[in-house]
Amino acid sequence: MSDSATNDGSGGSAERSATGTGDGTRAVRAGLPEPVKHEPTLPGPVFAAHFHLPGDPTGPYTYGRDENPTWTHLERAIGELEAPGRSDAETIVFASGMAAISAVLFSQLRAGDTAVLPDDGYQALPLVRAQLEAYGIEVRTAPTGRDAQLDVLDGAKLLWIETPSNPGLDVCDVRRLVEAAHAGGALVAVDNTLATPLGQRPLELGADFSVASGTKQLTGHGDVLLGYVAGRDTGAMAAVRRWRKIVGAIPGPMEAWLAHRSIATLQLRVDRQDATALKVAEALRTRSEITGLRYPGLPDDPSHKVASQQMLRYGCVVSFTLPSRARADRFLDALRLVEGATSFGGVRSTAERRGRWGGDAVPEGFIRLSVGAEDPDDLVADLLRALDETTE
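Read on for an overview of the structure. (Residues numbered from 1 in each chain as written. Predicted model: local features only at pLDDT ≥ 70, side-chain atom pairs only at ≥ 80, totals over all residues. Heavy atoms only, no water.)

### Some words on the nonpolar core
To be explicit about the condition: By convention a nonpolar core is built from buried Ala, Val, Leu, Ile, Met, Phe, Trp, Tyr and Cys residues, the set being connected through side-chain atoms within 4.5 Å. Exposure categories follow from relative accessible area, calculated using a 1.4 Å probe and restricted to protein chains: below 20% of the type maximum is buried, above 50% is exposed, and the middle band is partly exposed. Note on conventions: DSSP H or I runs of at least 4 residues are helices, E runs of at least 2 residues are strands, and numbering of each starts at the N terminus. Only heavy atoms enter the contact rule, under which two residues are in contact if any of them lie within 4.5 Å.
In terms of nonpolar packing, the biggest core is built from 33 residues, with Val-318, Phe-320 and Phe-331 touching the most fellow members. Contributions of two or more residues to this core are made by α8 (266–284), β11 (317–321), α10 (325–334), β14 (366–370) and α11 (376–389). Looking at which element gives the most residues to this core, the answer is α8, with six residues. When residues no more than four places from it in sequence are discounted, the contact partners of Val-318 are Leu-169, Ala-277, Ala-281, Leu-284, Leu-293, Arg-294, Tyr-295, Ile-367, Arg-368, Leu-369 and Val-371. Ranked by size, the runner-up nonpolar core spans 26 residues in total, among them Leu-109, Leu-132, Leu-158 and Val-240.

### Topic: the sheet that holds β14
Spelled out, the test is: Strand pairing is assigned whenever DSSP identifies at least 2 bridges connecting the two strands. Here an angle of 0 to 180 degrees is reported between the N-to-C directions of two axes, which are lines fitted to C-alpha atoms, with helices fitted over the stretch in contact.
With mixed pairing, the five strands of this open sheet are ordered in space as β10-β11-β14-β13-β12. The outermost strands of the open sheet, each flanked by one partner alone, are β10 (291–294) and β12 (339–340). In this sheet, β11 lies alongside β10 in antiparallel orientation, the contact comprising two bridges. From the neighbouring strand, Thr-291 faces β11, where its bridge partner is Thr-321. With respect to the sheet, α8 is in contact with β10, β11 and β14, its orientation differing from that of β11 by roughly 15°. Its contacts with the sheet put α10 on β11, β13 (350–353) and β14, and the angle it makes with β13 is roughly 160°.

### Quick look at the pairing of strand β3 (residues 90–94)
Extensive coverage of β3 is indicated by the burial of four of its five residues. Summarising the sheet, β3 and strand β9 (residues 227–231) pair through five bridges and their orientation is antiparallel. Bridge pairing links Ile-92 to Val-229 in β9.

### Side note on the pairing of strand β7 (residues 187–191)
Threshold: When the strands point away from the viewer and the connection leading from the first strand across the helix to the second strand turns clockwise, the crossover is called right-handed.
For β7, the buried fraction is high: four of the five residues fall into the buried class. Relative to β7, strand β6 (residues 158–162) runs parallel, the two sharing five bridges. Note on β7: the bridge partner recorded for Ile-161 is Val-190. Note on the crossover from β6 through helix α5 (residues 174–183) to β7: the handedness is right-handed. Bridge count for β7 against strand β8 (residues 209–213) is three bridges, and the pairing is parallel. In the sheet register, Asp-191 faces β8, and the bridge partner there is Val-211.

### Notes on the side chain of Thr-144
Worth spelling out the cut-off: A 3.5 Å cut-off defines polar contacts: any pair of N or O atoms within that distance qualifies, except that in protein one atom must be a possible hydrogen donor and the other a possible acceptor, and neighbouring residues in sequence count only when both atoms are side-chain atoms.
Relative to the helices and strands, Thr-144 is located in the loop between β5 (138–142) and β6. Side chain to side chain, Thr-144 and Asp-120 meet in a polar contact 2.8 Å long. Filtering out sequence-adjacent residues up to four positions away, Thr-144 remains in contact with Pro-118, Asp-120, Glu-162, Ser-165, Asp-170, Val-171 and Cys-172.

### Quick word on the packing of helix α3 (residues 97–108) against helix α4 (residues 125–134)
How we decide: In these notes the angle categories are as follows: under 35 degrees is roughly parallel, over 145 is roughly antiparallel, 65 to 115 is roughly perpendicular, and the rest is oblique. By convention the crossing between two helices is left-handed if the near helix lies anticlockwise of the far one by an angle smaller than a right angle, and right-handed if it lies clockwise. Polar here means any residue other than Ala, Val, Leu, Ile, Met, Phe, Trp, Tyr, Cys and Pro, which are nonpolar, and Asp, Glu, Lys and Arg, which are charged; Gly is therefore polar.
The contact between α3 and α4 brings their axes to 12 Å, and the two run at 30°. The pairing of α3 with α4 is recorded here as roughly parallel in orientation. Along this stretch, α3 crosses α4, giving a crossing that reads as right-handed. Between α3 and α4, the contacting residues are Met-98, Leu-105 and Phe-106 on the first element and Val-128, Gln-131 and Leu-132 on the second. Residue composition of the contact of α3 with α4, grouped by class: five nonpolar, one polar and no charged.

### So, the pattern of salt bridges
Quick reminder of the rule: Note on definitions: salt bridges are taken to be side-chain nitrogens of Lys or Arg within 4 Å of carboxyl oxygens of Asp or Glu.
Tallied over the entire structure, the rule returns 33 salt bridges. Here Glu-133 and Arg-129 are joined by a salt bridge, their closest N and O atoms 3.0 Å apart. A residue pair is termed a helical-turn pair when its members lie 3 or 4 positions apart in one helix, as Glu-133 and Arg-129 do in helix α4 at four residues. According to the relative accessible area criterion, Glu-133 is partly exposed, its value standing at 38%. Arg-129 gets classed as partly exposed once you look at its relative accessible area, which sits at 30%. Beyond isolated ion pairs, a larger network of salt bridges with shared partners links Asp-23, Arg-26, Arg-201, Glu-204, Asp-271 and Arg-313.

### Description of the sheet that holds β9
Pairing is mixed across the open sheet formed by seven strands, whose spatial order is β3-β9-β8-β7-β6-β4-β5. The open sheet is flanked by β3 and β5, the only strands paired with a single partner. The sheet shows a mean angle of 20° between the axes of neighbouring strands, direction not considered. Both strand β4 (residues 114–118) and β6 contribute to a ladder of two bridges, which runs parallel. Across the sheet, the residue bridging to Val-116 is Leu-159, located in β6.

### Some points on the side chain of Arg-244
Looking at the element boundaries, Arg-244 is found in helix α6 (residues 234–247). Within the structure, the side chain of Arg-244 is placed 3.3 Å from the backbone oxygen of Asp-66, a separation counted as a polar contact.

All we've got here are geometric facts, nothing functional implied.
In structure tokens:
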């Protein structure tokens with residue numbers, strides 16, 4: 001952790017920027033315009049396909065597929081969280097996390113290039129791999145854990161990191177991988193979805209891109225689809241922006257406004273959810289029927305040492321395995337405070353048996369649990385009760 005980190009009591013750390021501003025202050029004020037008398041502090045969404053544009057097409061807003069004032073406020077807000085105290089980072093918002101992921105990969109790679117992806121990452125990455133290969137791009141894969149991607153990095157143009165990985169929660173050493181990739185001339189993109197910019201700042205760790213699905217904990221209410229790319233290289237980010245223009249993968253102004261509004265509570269939600277996730281993990285590891293319990297905040301987790309060196313907070317997701325598919329299904333059905341749903345990061349706890357989708361290399365009884373903002377004691381009690389009631 002950096003020298004400015006301070007223990008926040010949830011197993012990770014809270015950090016102040018060079019200006020002395022804390023995470024909570026940044027979150028509630030990020031991206032707000034200068035105050036104007038009689039105007040709202042956060043302007044409402046701007047619904048516009050076009051703008052008044054007499055004469056030469058100059059100025060920031062010309063056509064609704066290119067720019068929108070509501071996006072601008074949100075992009076500034078995310079940039080202030082991803083790279084606090086810096087003016088050289090920019091952010092580009094997209095209609096979804098996958099739109100953001102695709103924009104980086106397809107704007108930076110050409111036929112004949114090589115990309116390195118994790119083989120234990122987000123479920124849609126195999127679809128991305130197939131499309132990259134169809135365009136003549138070589139794709140190599142390796143697990144996230146133990147920095148295994150280093151072994152297949154030689155000659156690559158772009159390294160894609162997902163840490164912590166979804167759903168297995170393995171962690172890799174971002175600084176180490178960035179150093180090796182840059183030495184070989186490769187760009188590095190980090191999927192920061194699970195950590196959020198309050199849990200990890202890939203740009204400060206040396207990455208060229210920080211990419212995330214804003215659908216998850218960043219917005220936190222399960223009512224917005226959104227993605228973003230943050231970066232500091234002007235040329236690389238210009239290519240990402242051009243890709244958004246070409247494919248039209250733009251967020252609606254209402255979604256962008258909702259996301260900005262939700263960021264104001266990000267620090268409150270993250271601190272509550274991540275602290276509760278640690279309590280949940282501690283309670284679950286006392287159960288003999290559970291195997292493969294993973295949470296980077298646990299001191300004995302295989303990823304804890306590396307995570308504690310680069311993460312500010314450890315996330316709201318806990319994963320574990322029950323003995324069988326049937327037991328896992330019964331457990332999920334018995335829960336009262338945890339909704340059966342995919343995705344993660346929302347204020348209401350959710351869980352699912354990941355094997356139901358196919359594509360993830362996990363056991364049939366593997367559970368991904370997203371810890372919400374419920375009272376910690378209530379949530380732990382519900383989980384333990386459901387385990388007791390479904391004992392085989």
